[in-house]
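# Survey of secondary and tertiary structure
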Amino acid sequence: MTATINDRLLGQPFDRLDGVLKATGAAPYPSDVSIPGQAHAVLLQSPIGAGRIRAIDSTAAEAAPGVVAVITHLNSPALGEAPMTGLGGPPRNPFTDDRVLHYGQNVAVVVAERREQAMAAALLVDVDYEVSAPILDMDDPRAAVENNAWGLETHDGDVEAALAGAQVTYDGTFRIAPETNNPIGLFTTVAEWDGDRLTIHDSTQWPMMVRASLAAVFGVPEAGVRVLVPYLGGGFGNGLRTWPHTILTALAARMLGRPVKLTLTRPQMFTSLGHRAQSRQRLRLGVGGDGRMLAMDHDATASLAAEETNFSAIVIGSPEAYATPNVATHDRQVRLNIPNPSFMRAPGHAEANFAIESALDELSYQLGIDPVELRLINHADVHPRSGLPWSSNALRECLTVGAEQFGWNDRNPEPQSMRDGNKLIGYGMAGVTFGWYAAPCTATITMDSAGSVIVRAAATDIGTGTYTVAAQLTADLLGLSMDDVTVKIGDSDLPPAPQSGGSGLAVALAAAVQSGAAKLIEALIDAVGDSSPLRGKTVDEVVAENGGLRLRDDADAGETFREILGRHGLDHLTAEGTSDLAAAAKNAKMATAPAFAARFVEITIDEDLGLLRVKRLLSVVDGGRLLNAKTARSQIIGGAVMGIGMAMFEDTIYDQDTGRIANATFGDYLVPVNADVPDLDVVFVGEPDRFSPTGVKGLGEVGVVGVAAAIANAVYHATGRRMRSLPITIDQLM
Ligand code: MOS
């Protein structure tokens, strides 16, 4: 039983429903929330990279105008431990003891009547530190190296034997700088307690996880914690954990018995919310003379904070990237005195792809095989590990359509062969694979007597278009107009839904909405009278259109929703839809396919100045069935811009003496601006996925993957110099 997608509204490039609200400032982001009587909290963060707090004198701060409290590890109660999220352990609780493990660790919370008063008073808190030398360099011999606990290593076949027997071998080491996710919206928490009940407005991608964490940390019933985030000014992964500042805001509100609001400053966004781990990868490949990859050994080391368990799995997707019979992968971590690394768009995949796609480019020159052809030769026609057919896979088409549309064959493949005056021209490309993820999801659909519906789920719209696509899908399935549908999300009290993360929400939520629509149609059919032509029919025998149901094989035999509900005096009818795609995947007899893509890029390099410019960037993406062509394209464009940042700009710089983040402002931390970004072309290929009930695949993260490799490969084509470290900066090009 399934509700039919009519393709009437689905896929159409509707403007996002929240666009006007956001553009006019009417959308309430967490930072816009004010509660009468609220006090304002400001964080005081450690200026040292490692050591111990000997003493804190807050007398002067407490006496400052407007100050309500100064909370530190000395006067705060013990906190409970948040549960694992399934992706790693929770961040270390704030105020655990007197030790400082990284620059920017929270040392005190100053609460005052006004934010300015709290900021001024924070300067008066006198902290006496015993300073130790922080460990900040991944190569520091004092740094502890650990194998991650996920058990995600791969040992397929006999890699060493295959490498030894290969005609051509490759061995390269790649480095990627730590990058900090920087959504425009400053993360904010507003907390209000009523006894053991907590209402919290929080910048998060995962309201239900924040609810579970806070309930555990404060030892209160989960049902009494409500997390609200109707709008979020970007996430990119740093809203996937319950961070210490959120706990501290709730703590301050509990201790003071009044609402408390805290907004991070931009520099605090660098110390408080995770970042893409710094990484080093060694990649060894063995190929035959025909270009077939016989062996891959992919070994990655990533930075990890002291006493954290949220490991970065860099090479998690490597075994699935190409058809390689012998594969070994290994992830390890080096513990440093840094703020905790965490998720940042396509974590792992974006990094590993840089190594694999750079290596294939190098091999293409050694083998004399065109780079596109080399990817096609090694294409995984079935899932490389399970041998199962993919539920969808248009990677070949991504590569061939991309080559055609980009004019790939018009180039002279010789390095340093193309120029325009004093500018060297380079073409580069990369293949892109990603990981599949979907978590259980619920959505309810409530229809009122006028035939309008409200869709509810504890999901979030982090700027990706969840409101819009949920409305489109619901209207399409129920034969309604967009105006007939209201979407309520961003509230943990709504039906359980997963995070906006892992590119998994749209797939899981769409399946839940589809299931809910089918159940609603079933309930409507159950409600019709004996004389109705719909009486006794199944969902598959009817079609929802024009605000009602009719028989599939008789366009004139039907009733409107208004008639059905009105006749029975029902003011509303609710149906609950669910999806658990990961569970269903176990019996699917096919490999659940992620999104695939190919990137083609043209760059120029000023020979005298070493200035690298991206001239054209084409992304060809297999995202399955698109929910909305416009928001889908926007996702890929946004990811591509982030990829340009990864390739050319982003680098979180730690002062090696103090651990201070030396560039924690938008003036110093470089991200691409309009002048750095050319027209970005996006082409979608592929078909609705066969496993995903709606045919939809997640494409929130795939947009970033492959951009860095394509640019680095283009730099090689332009200059004959191989870039194995990101970002690619002028000094590497002079
Ligand atoms: Mo993404 S790093 O799962 O927000």
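Here the structure is a predicted model, which is why all the values come from computation and not from measurement.

### Considerations on the sheet that holds strand S19 (residues 441-448)
One open sheet accounts for four strands, arranged S21-S20-S19-S25; its pairing is mixed. Both outer strands of the open sheet, strand S21 (485-488) and strand S25 (572-579), are each paired with one neighbouring strand and no more. On average, each strand axis in the sheet is inclined to that of its neighbour by 20 degrees, with strand direction left out of account. Relative to S21, helix H12 (residues 466-478) is tilted by about 140 degrees, and along the sheet it contacts S19, strand S20 (453-456) and S21. Here helix H13 (residues 505-527) sits on the sheet and contacts S19, S20 and S25; the angle it forms with S25, its principal contact strand, is near 140 degrees.

### Looking at the domain arrangement of the chain
Under the domain assignment used here, the chain contains domain 1 (19-27 + 438-585), domain 2 (33-132 + 182-271) and domain 3 (349-436 + 592-733). Distance between the C-alpha centres of domain 2 and domain 3: 38 Å. With eleven residues of domain 2 at the interface, the matching set in domain 3 holds ten residues. The junction of domain 2 with domain 3 conceals about 820 Å² of combined surface from both sides, 78% of it contributed by carbon and sulfur atoms. Between the two partners, domain 2 and domain 3, sit zero salt bridges.

### Remarks on the packing of H12 against H13
For the pair H12 and H13, interaxial distance at closest approach is 10 Å and the crossing angle is 30 degrees. When the axis of H12 is compared with that of H13, the two are roughly parallel. Pair H12 / H13 crosses with right-handed handedness. Counting all contacts with H12, which are made through Thr 466, Ala 470, Leu 473, Thr 474, Leu 477 and Leu 478, the residues of H13 involved are Leu 505, Leu 509, Ala 510, Val 513, Gln 514, Ala 517, Leu 520 and Ile 521.

### Examining the packing of aromatic side chains
All chains considered together, the criterion is met by twelve aromatic pairs. With centroids separated by 5.4 Å and ring planes inclined at 85 degrees, the aromatic side chains of Trp 390 and Phe 596 adopt a geometry described as edge-to-face. Taken together, the positions of Trp 390 in the loop between helix H10 (371-377) and helix H11 (395-406) and Phe 596 in strand S26 (residues 596-606) put the pair 206 residues apart, joining distant regions of the chain. Across the pair, exposure class does not vary: Trp 390 and Phe 596 are buried alike. Considering the side-chain rings of Phe 406 and Phe 600, the 5.8 Å spacing of their centres and the 35 degrees angle between planes classify their relative orientation as tilted. Of this pair, Phe 406 sits in helix H11 while Phe 600 sits in strand S26, and the two are 194 residues apart along the sequence. Assessed through its relative accessible area of 5%, Phe 406 is described here as buried. On the accessibility criterion, Phe 600 (0% relative accessible area) is buried. An aromatic cluster of three or more residues is present, and its members are Phe 406, Trp 408, Tyr 427 and Phe 600. The positively charged end of Arg 254 is found above the aromatic ring belonging to Trp 193, 4.2 Å away from the centroid.

### Let's talk about the sheet that holds strand S4 (residues 99-100)
Taking strand neighbours across the sheet as the criterion, the three strands line up as S4-S2-S6 in an open arrangement whose pairing is antiparallel. Strands at the two margins of the open sheet, each flanked by one partner only, are S4 and strand S6 (126-131). Pairing analysis gives two bridges linking strand S2 (residues 51-57) to S4, with the strands arranged antiparallel. The residue bridging Gly 51 from the neighbouring strand is Val 100, located in S4.

Criteria and thresholds
- Residues numbered from 1 in each chain as written.
- Predicted model: local features only at pLDDT ≥ 70, side-chain atom pairs only at ≥ 80, totals over all residues.
- Heavy atoms only, no water.
- Pairing = 2+ DSSP bridges.
- Helix = DSSP H or I, 4+ residues; strand = E, 2+ residues; numbered from the N terminus.
- Axes fitted to C-alpha atoms, helices over the stretch in contact; angles between N-to-C directions.
- Contact = heavy atoms within 4.5 Å.
- Domains from an automatic or database assignment.
- Buried area = accessible area lost by both parts, 1.4 Å probe.
- Salt bridge = Lys/Arg side-chain N within 4 Å of Asp/Glu carboxyl O.
- Parallel < 35°, antiparallel > 145°, perpendicular 65-115°, else oblique.
- Left-handed = near helix turned anticlockwise from the far one by under 90°.
- Phe/Tyr/Trp six-rings, centres within 6.5 Å; stacked < 30°, edge-to-face > 60°.
- Buried < 20%, exposed > 50% of the residue type's maximum accessible area, 1.4 Å probe, protein only.
- Lys NZ or Arg CZ within 6 Å of the ring centre and 35° of its normal.

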